[in-house]
Amino acid sequence: MVFASVEFLTLFLPLFLLCYALVPAGGRNWVLLIASWAFYGWWKPVFLLLLIGVTVFSYFCGLAIEAARSDAEKQRRLALGAAANLLVLGWFKYANLLVGTTNEGLALFHLGAIPWETVILPIGVSFYILQAISYLYDIRRGTITPERDFVAFAVYKAFFTQLVAGPVIRYSWIDKELTRRDLRFDNFAKGSRRFMLGFCMKVLIADQLAGLVDLVFALPAPSLADAWLGALGYTLQLYFDFAGYSAMAIGLALMLGFHFPENFNDPYLSTSIQEFWRRWHISLSGWLRDYLYVAMGGNRQGEARTYANLILTMAIGGLWHGAAWTFMAWGLVHGIALAVERAGRRRGIALPTVLAWPATMALVMLAWTLFRSTSWQMAETMLLGQVGWYGIGLGDAVRVALHPTVTLWLAAGVAVALWPAVRGRLAGALALVPGWWHGLWPVLAFLYALAALKERETVPFLYFQF
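Residues numbered from 1 in each chain as written. Predicted model: local features only at pLDDT ≥ 70, side-chain atom pairs only at ≥ 80, totals over all residues. Heavy atoms only, no water.

1. Digging into the overall build of the protein
A tally of helices and strands in the protein yields 19 helices and zero strands. By the compact-globule yardstick of 23 Å for 466 residues, the protein fits well, its C-alpha radius of gyration being 23 Å. Burial status across the protein gives 52% buried among its 466 residues. Counting only contacts in the protein whose residues sit at least 6 apart along the sequence, the fraction spanning at least 24 positions is 77%. As presented, the protein carries roughly 21400 Å² of accessible surface, and 68% of it is formed by carbon and sulfur atoms. In the protein, the 35 positive side-chain charges and the 27 negative ones have mean positions that sit 8 Å from each other. (Helix = DSSP H or I, 4+ residues; strand = E, 2+ residues; numbered from the N terminus. Rg over C-alpha atoms; globule rule 2.2 N^0.38 Å. Buried < 20%, exposed > 50% of the residue type's maximum accessible area, 1.4 Å probe, protein only. Contact = heavy atoms within 4.5 Å. Areas by Shrake-Rupley, 256 points an atom, 1.4 Å probe, with all protein chains shown as cover. Lys, Arg positive; Asp, Glu negative; His and termini not counted. Charge placed at Lys NZ, Arg CZ, Asp CG, Glu CD.)

2. Some thoughts on the packing of aromatic side chains
All told, the structure shown has 46 aromatic pairs when counted by the stated rule. For the ring pair Phe195 and Phe199, a centre distance of 6.5 Å and an interplane angle of 25 degrees mean the geometry is stacked. In this pair, Phe195 and Phe199 both sit in helix α8 (residues 185–218), four residues apart, roughly one turn of the helix. On the basis of relative accessible area, Phe199 is assigned to the buried category, the value being 0%. Each ring, one from Phe276 and one from Trp277, has its centre 5.6 Å from the other, and the planes form 85 degrees; the classification is edge-to-face. With respect to class, Phe276 is no different from Trp277; both count as buried. These aromatic residues form a ring-pair network of at least three members: Tyr239, Phe240, Phe242, Phe264, Tyr268, Phe276, Trp277, Trp280, Phe327, Trp330, Trp368 and Phe371. (Phe/Tyr/Trp six-rings, centres within 6.5 Å; stacked < 30°, edge-to-face > 60°.)

3. So, the packing of helix α1 (residues 6–22) against helix α2 (residues 28–41)
Where α1 meets α2, the axes come as close as 9 Å, and the angle between the chain directions of the two elements is 160 degrees. Overall, the two elements α1 and α2 adopt an arrangement that is roughly antiparallel. Crossing geometry of α1 relative to α2 is assigned as right-handed. On α2, the residues touching Phe8, Phe12, Phe16, Cys19, Tyr20 and Ala21 of α1 are Arg28, Val31, Leu32, Ala35 and Phe39. Class assignment for the residues of the contact of α1 with α2 results in ten nonpolar, no polar and one charged. (Axes fitted to C-alpha atoms, helices over the stretch in contact; angles between N-to-C directions. Parallel < 35°, antiparallel > 145°, perpendicular 65-115°, else oblique. Left-handed = near helix turned anticlockwise from the far one by under 90°. Nonpolar A, V, L, I, M, F, W, Y, C, P; charged D, E, K, R; others polar.)

4. Examining the domain arrangement of the protein
Domain annotation of the protein identifies domain 1 (6–181) and domain 2 (194–271 + 351–464). Computed over C-alpha atoms, the centres of domain 1 and domain 2 are 29 Å apart. At the interface, 25 residues of domain 1 touch 19 residues of domain 2. For the pair domain 1 and domain 2, the two sides together bury roughly 2000 Å², of which 78% comes from carbon and sulfur. Counting the surface domain 1 buries against domain 2, the share from its top three residues, Leu9, Thr161 and Pro167, is 26%. Our count for the domain 1 to domain 2 interface comes out at zero salt bridges. Those elements that provide at least two residues to the side of domain 1 that touches domain 2 are α1 and α7 (171–179). (Domains from an automatic or database assignment. Buried area = accessible area lost by both parts, 1.4 Å probe. Salt bridge = Lys/Arg side-chain N within 4 Å of Asp/Glu carboxyl O.)

5. A look at the layout of surface pockets
Rolled over the atoms, a probe sized like a water molecule indicates the empty space that remains. Space inside the largest pocket adds up to approximately 1200 Å³. The wall of the largest pocket is formed by 36 residues, among which Leu197, Met201, Val416, Trp419 and Trp441 lie closest to the centre. For the lining of the largest pocket, the elements supplying multiple residues, two or more each, are α8, α9 (224–256), α17 (404–423) and α19 (435–454). A total of eight residues in the lining of the largest pocket trace back to one element, the largest contributor, which is α8. (1 Å grid on protein atoms, 1.4 Å probe; cavity = no way out; pocket = protein on both sides within 12 Å on 5 of 7 lines; lining within 4 Å. Points joined across faces, edges and corners; volume = space filled by probe spheres on them.)

Next comes the structure, spelled out in structure tokens:
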């Protein structure tokens, strides 16, 4: 089940909210836990058992780390807990990749392939494993105490608003609200507005661009115009898909009394790759910094080691996104860019302001090409297209796909992504807009998006595959 689906909006959400509002405050965690497990099990009930298993293990592992009598024992128990969680992630996410790569190597030497049945990836496993590791790590370093209430901890692990695609919520961010929170009208109203806006971002912009992007990336010889239009389309599709999901997750949580941090902050206004990662998927970039980059030594062991740590962190972060070497290549591009920027800053070298934004966006879009490509061949074809290898002008297939509706939402996506850069200059004109309109337009847009959703099949969120 996904947020942008008829069954969620017309069945699951109303029924859940009704039950949640009617039960006394002391029973709401039970309602939330049962609903979260039902939400997750809707897709494949068998994988609910995996989630519950990870939850039980992490719960008792957290208690065991705290109970250890020495630092060395705490470290051993943390290592055991982290390794077990990583083993789960490794099996379900990377076993297919490793066997496939091994079989390709064996084929080079005319050797037989390893017999293998594809392992199905449980949705959301990448996210709830990261949360489990950060929970255990924070107990080890003493920044949190383990949750004694199993139901509250299980809610933290299974909270359906962010379970399958983030944000990656740390326990310390919501520990107090897990045990005490208010169901208030103002939070509910603000959360509803945020949910509706996120829904519109997903349905009206991201989903509208999906067909164009799929077509361009499947072309055998995209022209320069085709390739860059496809890259632009995917740049917008991914942002409005994922930022829309995050907005819905944050909005739903606020409706229930939880306050999640922002996960995006206008990333396409960035003027450097470092700034981009401070604005894009903030909860993940913070996780990579605090639990991977710093754990590897961060910038404490000399300049060369700092660059190596940056590149390795981003390469691992890239591979976390998907079990394909193109994801690792995407991470490596960002890691190398971060290292080059850092080296430049240390030596007082920086791009002129007028070039900083277009250069950053060009690199981000080229890297998204790797991220979106499902094979090296597709990536090579698109990158060659982006340098004009197959011609310059717009191809016939793309010209047909770029019909007025798609063109309209493509332009709307660009305008919305860049709107914060000009909003301040229009403050005077915006002040003339009646206050009631600010409350009404999200409702009208949501109803329009809902009508659009009914006319087509549900498009899964892109980050569900991660």
